[in-house]
Amino acid sequence: MAEKELIQLFGEQKVRTKWDDEKQKWFFSIVDVCGVLTDQPDEEHARNYWKVLKHRLKKEGNETVTNCNQLKLHRCRHTLACS
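Just so you know, these numbers come straight off a predicted model, no measurement behind them.

Moving on, we get to the overall build of the protein chain. Across its full length, the protein chain carries two helices and three strands. Reading the protein chain from its N terminus to its C terminus gives the helix and strand order β-β-β-α-α. Taken over 83 residues, the protein chain has a buried fraction of 24%. A sequence separation of at least 24 residues applies to 32% of the contacts in the protein chain between residues at least 6 apart. Here the protein chain displays about 6,600 Å² of accessible surface, and carbon together with sulfur accounts for 51% of that area.

All right, on to the nonpolar core then. Listed in full, the five residues of the largest apolar core are Val-31, Cys-34, Ala-46, Trp-50 and Val-65. Residues within four places of Val-65 in sequence aside, it is in contact with Trp-50, Lys-54, Leu-57 and Lys-58.

Aromatic rings considered in pairs are described by the distance between their centres and by the relative angle of their planes. Going through the model one piece at a time under the given rule, you end up with one aromatic pair. For the ring pair Trp-19 and Trp-26, a centre distance of 5.3 Å and an interplane angle of 55° mean the geometry is tilted. The exposure class assigned to Trp-19 is buried, which follows from its relative accessible area of 18%. Given the relative accessible area of 35%, Trp-26 is considered partly exposed.

Moving on, we come to the environment of Gly-35. Of note, Gly-35 is situated in helix H1 (residues 30-37). Linking Gly-35 and Ala-46, residues eleven residues apart in sequence, is a C-alpha distance of 4.5 Å. Non-local contacts of Gly-35, meaning those with residues more than four positions away in its chain, are made with Gln-13, Gln-40 and Ala-46.

The subject of this paragraph is the pairing of strand E3 (residues 25-28). The sheet contact formed by strand E2 (residues 13-20) and E3 spans four bridges and is antiparallel. Counted as the bridge partner of Lys-18 is Phe-27 from E3. Between E2 and E3, which pair antiparallel one after the other, the connecting turn spans four residues, and Gln-24 there sits at a positive phi close to 55°.

Turning next to the confidence of the model for the protein chain. Residues shown with low pLDDT carry predicted positions that ought not to be read at fine detail. Here the protein chain averages 80 in pLDDT, and 77% of its residues register 70 or above. Within the model, pLDDT remains below 50 along residues 77-83, and this stretch shows 14 contacts once partners closer than five positions in the same chain are excluded.

So, about unusual backbone geometry. In this structure, Gln-24 takes a positive phi of about 55° despite not being glycine. Note on placement: Gln-24 falls in the loop between E2 and E3. The phi dihedral of Asp-39 is positive, around 55°, even though this residue is not glycine. Turning to its location among the elements, Asp-39 is positioned in the loop between H1 and helix H2 (43-59).

Conventions we followed
- Residues numbered from 1 in each chain as written.
- Predicted model: local features only at pLDDT ≥ 70, side-chain atom pairs only at ≥ 80, totals over all residues.
- Heavy atoms only, no water.
- Helix = DSSP H or I, 4+ residues; strand = E, 2+ residues; numbered from the N terminus.
- Buried < 20%, exposed > 50% of the residue type's maximum accessible area, 1.4 Å probe, protein only.
- Contact = heavy atoms within 4.5 Å.
- Areas by Shrake-Rupley, 256 points an atom, 1.4 Å probe, with all protein chains shown as cover.
- Core = buried A, V, L, I, M, F, W, Y, C linked by side-chain atoms within 4.5 Å.
- Phe/Tyr/Trp six-rings, centres within 6.5 Å; stacked < 30°, edge-to-face > 60°.
- Pairing = 2+ DSSP bridges.
- pLDDT = per-residue confidence, 0-100.

So this is what it looks like as structure tokens:
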């Protein structure tokens, strides 16, 4: 299975992604997406926002977050491509 990790730009903010050749799908870092959409100042704040949101969703009975598998993504802060 060939996979490629890239940094996608959303405005001037970076979002980590991973391409899966087998599934023909892009996967996005939910922490990075939350950070962009809620204008968080850094990755730590974005991670905390996602943690609190996930806890609230589970408490409300939302099963979406229980079916998410965590992908290992590199932390690439200064480059547009990861290896």
